Amino acid sequence: MHPYKITSHQLLTKRAMTKRVEFCKTINGMFEDGELDAKLIIYTDEAHFWLNGYVNKQNYRFWGSENPNVSLAKPLHPQKITAWAAISVKGIYLQFFESTVTGESYKQLLETQFGATPPHRTQEVFETIHKVYGNRVIGLGYPKFAQGGLEWPPYSPDLNPCDFFLWGYIKDHCYAENPDTVSDLVVAIKKVVSNIKDDMLEKVFTSFRKRIDFCTNSDGAHFENIYH
C-alpha cells in the first residue's frame, strides 16, 4: 500500500465550467487563426512567501511502527513578503510588496512599469491598463469595462503559468538556503527566478497550450488529475 495525497480544488459551478470552455475554445481559435501569438501573452499573479517556509500541516507525515510524538514549533505571526510576477515566454518580472497588493499599489506599479492582466479589478486599474493596452487585455471583468478584450475564466489557476508552474517552482527551491530574514528570502527568490532558463519557459508555455485542450476536453472540469 502507498499513501496518496488528496488534492483540493475550488468548487466549480456549471456556469464557471461553461466559461472555462468558452475561453479555451476562443483563445485556441485565436492561436490557430494567427490572431494571437501565445508567446506574446504576459500572465500575472501574486503569492505570499513566509519566512518560516509555511507548509500546510496536513502535509506532515511520519511513517513508523510507533508514534514518535514529534512536535514542531512555529511563530504565531511569521514574517512574510508578497511577490507579484509577470511571466511570458521571454522572461519573468518580479516586484515585491511588504503587504498584500491592493488596487492602488497595483495601479502605481502599472504606471511606473507596465500593464498586464489585472488581479485587482478596480475602475482605476482598468483605466490605467486601457490607456496602454486598449483591447489587448485578458482579464476577469475587463471586457465589460472596455467593451473589448478577452474575459479570463473564473476559478482557473490551472490555466495561469504563475499558478501551475512559477509559485510552486520558486517555493520548492527558495528555502533550501534557510533564509534568516525577509531580505534574505527576497534574494533567494530572485536567485531561483534568475536560474529559470529559456527552454524551461518554452516548456511551460507549451504546457499552457496542452492545458487549454485538456480543459476543453474535460468540459471545463478540473483536469490536473489526468494531465501529464
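Residues numbered from 1 in each chain as written. Predicted model: local features only at pLDDT ≥ 70, side-chain atom pairs only at ≥ 80, totals over all residues. Heavy atoms only, no water.

(A) View of the packing of helix α5 (residues 161-173) against helix α7 (residues 198-217). α7 packs onto α5 with a crossing angle of 145° between their chain directions and a minimal axis gap of 10 Å. Along this stretch, α5 crosses α7, giving a crossing that reads as right-handed. Contacts from P161, F164, F165 and Y169 of α5 reach α7 at M200, V204, F205, S207, F208 and R211. By residue class, the composition of the contact of α5 with α7 is 8 nonpolar, 1 polar and 1 charged. (Axes fitted to C-alpha atoms, helices over the stretch in contact; angles between N-to-C directions. Helix = DSSP H or I, 4+ residues; strand = E, 2+ residues; numbered from the N terminus. Left-handed = near helix turned anticlockwise from the far one by under 90°. Contact = heavy atoms within 4.5 Å. Nonpolar A, V, L, I, M, F, W, Y, C, P; charged D, E, K, R; others polar.)

(B) Quick peek at the pairing of strand β3 (residues 91-97). Pairing of strand β2 (residues 80-88) with β3, which is carried by 7 bridges, proceeds in the antiparallel orientation. Residue pairing for β3: T82 is matched across the bridge by F97. Hairpin connection between β2 and β3: a loop of 2 residues separates the two successive antiparallel strands. (Pairing = 2+ DSSP bridges.)

(C) Representation of the side chain of S156. By the secondary structure assignment, S156 is in the loop between α4 (142-146) and α5. Side-chain polar atoms of S156 contact the side chain of R20, separated by 3.0 Å. Among the polar contacts made by the side chain of S156, one reaches the main-chain carbonyl oxygen of P154 at a distance of 3.0 Å. (Polar contact = N/O pair within 3.5 Å; in protein donor to acceptor, adjacent residues only side chain to side chain.)

(D) Highlighting the confidence of the model for the protein. Averaged over all residues, the pLDDT of the protein is 80; the fraction at 70 or higher stands at 73%. In this model, residues 55-62 is a region of pLDDT below 50 whose contacts with residues beyond four sequence positions or in other chains number 4 contacts. (pLDDT = per-residue confidence, 0-100.)

(E) Up close: unusual backbone geometry. Positioned with a positive phi, N178 is a non-glycine residue whose angle comes to about 50°. Examined against the element boundaries, N178 turns out to sit in the loop between α5 and α6 (182-194). With phi around 60°, D219 is a residue other than glycine that occupies positive phi space. The residue D219 is located in the segment after α7 in this model. For D219, a relative accessible area of 54% puts it in the exposed group. (Buried < 20%, exposed > 50% of the residue type's maximum accessible area, 1.4 Å probe, protein only.)

(F) Focus on α5. Taking 1.5 Å as the rise per residue, α5 with 13 residues should run 18 Å; its terminal C-alpha atoms sit 17 Å apart, in good agreement. Within α5, burial applies to P161, C162, F164, F165, L166, W167 and I170. Tucked inside the fold, the buried residues of α5 contact β1 (43-50), β2, β3, α6 and α7. The N-cap residue of α5 is N160: its side-chain oxygen and the backbone nitrogen of C162 are 2.9 Å apart. (Expected span 1.5 Å × (residues − 1).)

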